[in-house]
Every structure is written in structure tokens, then in C-alpha cells.
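Next come the chains, spelled out residue by residue.
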Amino acid sequence: QKEVEQNSGPLSVPEGAIASLNCTYSDRGSQSFFWYRQYSGKSPELIMFIYSNGDKEDGRFTAQLNKASQYVSLLIRDSQPSDSATYLCAVTSTGDKIIFGKGTRLHILP
Amino acid sequence: GAVVSQHPSRVICKSGTSVKIECRSLDFQATTMFWYRQFPKQSLMLMATSNEGSKATYEQGVEKDKFLINHASLTLSTLTVTSAHPEDSSFYICSASIAGVHADTQYFGPGTRLTVL
């Protein structure tokens with residue numbers, strides 16, 4: 001069974017600090033990796049996707065992928081209270097079903 | 001780009017009635033649309049995957065006769081909850097993907113909150 005694991009949290013981070021969210025996956029053949037943000041009562045919103053090993057930066061967000069360790073992370077720099085949400089890691093392979101983690105609740109402390 | 005809409009955003013109905021939820025891709029043609037359900041404080045649960053013009057593929061445990069999915073065009077998919085009961089009350093979310101290089105990227109609609117009395 002293909003799995004995506006995330007720490008459920010809550011992860012509390014002071015405002016202005018770096019929030020680090022982690023995710024591991026079981027299928028070594030996975031090719032596509034996504035981070036979604038979900039505010040309470042709302043639907044998920046795509047933040048980033050990454051396909052290659054290494055870092056991918058977009059504004060305050062950096063996704064990091066290490067396929068050898070089957071590990072993907074999301075860094076949020078200069079954390080803001082508006083970043084408080086549940087972050088979902090998702091993994092898939094071409095033509096295969098996307099697998100979502102259960103999400104990590106992030107709480108930015110003002 | 002990649003905007004997905006859902007209608008209605010919220011619906012309250014009596015037990016035994018049927019409810020139709022629409023999912024539209026507004027600025028792209030969706031090769032595939034997905035329907036999810038999410039109960040409070042729980043993770044997303046994929047219900048079914050649909051491709052335009054073909055029958056939906058349902059996940060194990062999801063009753064296809066109860067949750068009717070029609071994907072009539074590349075921009076519209078509908079989910080009909082037939083003979084709804086209180087246990088069907090949930091947050092229903094659709095998503096869509098675009099043909100091409102990043103075909104496995106899913107863009108979510110805003111969701112429909114269903115309450116069955």
C-alpha cells in the first residue's frame with residue numbers, strides 16, 4: 001500500500017521564523033510531489049509542485065525533494081499568522097492515483 | 001489560470017432527496033476530474049475519478065448507484081448524491097487536472113458543504 005506520512009502537529013512557529021514541514025512517502029517510483037494548503041473549512045490550494053531532486057523556491061516557500069531518502073519538505077520563510085493552516089503533502093506517479101498525506105497543522109504564533 | 005468552480009457552495013436538504021453538485025473548470029479543459037469527500041477534522045477521501053465521455057472509476061467502498069457522476073464535457077462534471085441521508089453530510093470537493101506536461105497536478109474547487117437533515 002502506497003503511503004504518504006506527515007506529522008499531524010500542531011507545529012507552532014513564532015511569527016517571522018522559518019516553518020519546516022516534512023513528508024515521507026513509500027513508493028520509490030513516485031515522480032511528482034505537491035504541497036497544498038488548506039484553511040479550516042476551505043478546500044485545498046496548490047502551493048507548489050516539484051519533480052526533481054533539490055530545492056525549488058517560490059517567494060517565501062521552498063520545496064525540497066530527496067528521492068533517495070523518499071523525503072519532501074516545505075519551508076516557509078518569514079512566517080505570517082496567515083500561514084496558519086493545514087499543509088497537505090501529495091505524491092503520485094504518471095498515470096497513477098495521487099496519494100495525500102493527512103496533513104500537518106501549522107500554527108504561527110503572533 | 002487553472003480556476004475550478006463548484007455550485008452550490010452550501011446545500012441543506014431533507015433526508016431522501018437527491019442533490020446535484022456541479023464542478024466546472026473555468027479557464028482550461030480538464031482531462032480528468034476528481035471527487036473527494038472530507039469529514040470534519042479528517043483527511044481528504046477520494047471518491048471517484050472521471051474522464052470526459054466515459055464512466056467514472058469509483059474507489060473501493062463508494063457506492064456508484066448512490067453517488068452518480070456525469071462528466072459530460074471537458075469543463076463540467078456533476079456529482080449527484082441520491083436519496084441523501086444524514087450520514088452523507090460532508091464537505092464535497094472536486095478537482096481537475098489539465099492535459100499536458102503537468103497532467104498530474106490537481107486544482108481544487110472551493111467545495112460544497114452538504115447538510116442532510
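The structure displayed is predicted, hence computed values, not measured ones. (Residues numbered from 1 in each chain as written. Chains lettered and ligands numbered in written order. Predicted model: local features only at pLDDT ≥ 70, side-chain atom pairs only at ≥ 80, totals over all residues. Heavy atoms only, no water.)

A. A look at the interface of chain A and chain B. Taken residue by residue, the interface counts 17 residues in chain A and 18 residues in chain B. Both faces combined, the contact of chain A with chain B buries some 1300 Å², and carbon together with sulfur accounts for 58% of it. On inspection of chain A and its partner chain B, the count reaches 1 salt bridge. Where Glu59 of chain B meets Lys97 of chain A, a salt bridge forms, and the shortest distance between an N and an O atom there is 2.6 Å. Summed over the shared surface of chain A and chain B, the result is 6 residue pairs in polar contact (both at pLDDT 80 or more). (Contact = heavy atoms within 4.5 Å. Buried area = accessible area lost by both parts, 1.4 Å probe. Salt bridge = Lys/Arg side-chain N within 4 Å of Asp/Glu carboxyl O. Polar contact = N/O pair within 3.5 Å; in protein donor to acceptor, adjacent residues only side chain to side chain.)

B. Local environment of the side chain of Arg37 of chain B. Here Arg37 of chain B is to be found in strand 4 (residues 30-38). For the buried Arg37 of chain B, no salt bridge exists, and the shortest N-O distance to an oppositely charged side chain is 4.5 Å, to Asp88 of chain B. (Helix = DSSP H or I, 4+ residues; strand = E, 2+ residues; numbered from the N terminus. Buried < 20%, exposed > 50% of the residue type's maximum accessible area, 1.4 Å probe, protein only. Lys, Arg positive; Asp, Glu negative; His and termini not counted.)

C. Structural context of the nonpolar core. By size, the foremost hydrophobic cluster in this structure holds 25 residues, and its most contacted members are Trp35, Phe67, Leu79, Tyr92 and Leu114 of chain B. Those elements giving two or more residues to this core turn out to be strand 2 (10-13), strand 3 (19-25), strand 4, strand 5 (45-51), strand 7 (67-73), strand 8 (76-81), strand 9 (90-98) and strand 11 (112-116) of chain B. Formed by 23 residues, the second largest nonpolar core is a distinct cluster that contains Ile50, Ile76, Cys89 and Val91 of chain A. (Core = buried A, V, L, I, M, F, W, Y, C linked by side-chain atoms within 4.5 Å.)

D. Inspection of the state of the cysteines at higher detail. Under the criterion given, the structure shown has 2 disulfides over all chains. The disulfide partner of Cys23 of chain A is Cys89 of chain A, and the S-S distance across this bridge is 2.0 Å. Its S-S torsion of approximately -70° makes the covalent link between Cys23 of chain A and Cys89 of chain A left-handed. Taken together, the residues Cys23 of chain A in strand 3 (residues 19-25) and Cys89 of chain A in strand 9 (residues 85-92) connect sequence positions 66 residues apart. Each sulfur of the disulfide joining Cys23 of chain B and Cys94 of chain B lies 2.0 Å from the other. Between Cys23 of chain B and Cys94 of chain B the disulfide shows an S-S torsion of about 80°. By sign, it is right-handed. Within this pair, whereas Cys23 of chain B is found in strand 3, its partner Cys94 of chain B is found in strand 9, the two being separated by 71 residues in sequence. Exposure remark for Cys23 of chain B: the relative accessible area of 0% places this residue in the buried category. Overall, Cys94 of chain B belongs to the buried group, its relative accessible area being 0%. (Disulfide = S-S within 2.5 Å.)

E. Representation of the sheet that holds strand 8 of chain B. Residue and element names in this part refer to chain B. Strand order in the open sheet formed by 4 strands is 1-3-8-7, and the pairing between neighbours is antiparallel. Taken across any chain shown, the strands that pair with only one partner, and hence form the sheet edges, are strand 1 (4-7) and strand 7. The average angle at which neighbouring strand axes cross in this sheet is 15°, direction not considered. Bridge count between strand 3 and strand 8: 6 bridges; the pairing is antiparallel. Across the sheet, the residue bridging to Cys23 is Ser77, located in strand 8. (Pairing = 2+ DSSP bridges. Axes fitted to C-alpha atoms, helices over the stretch in contact; angles between N-to-C directions.)

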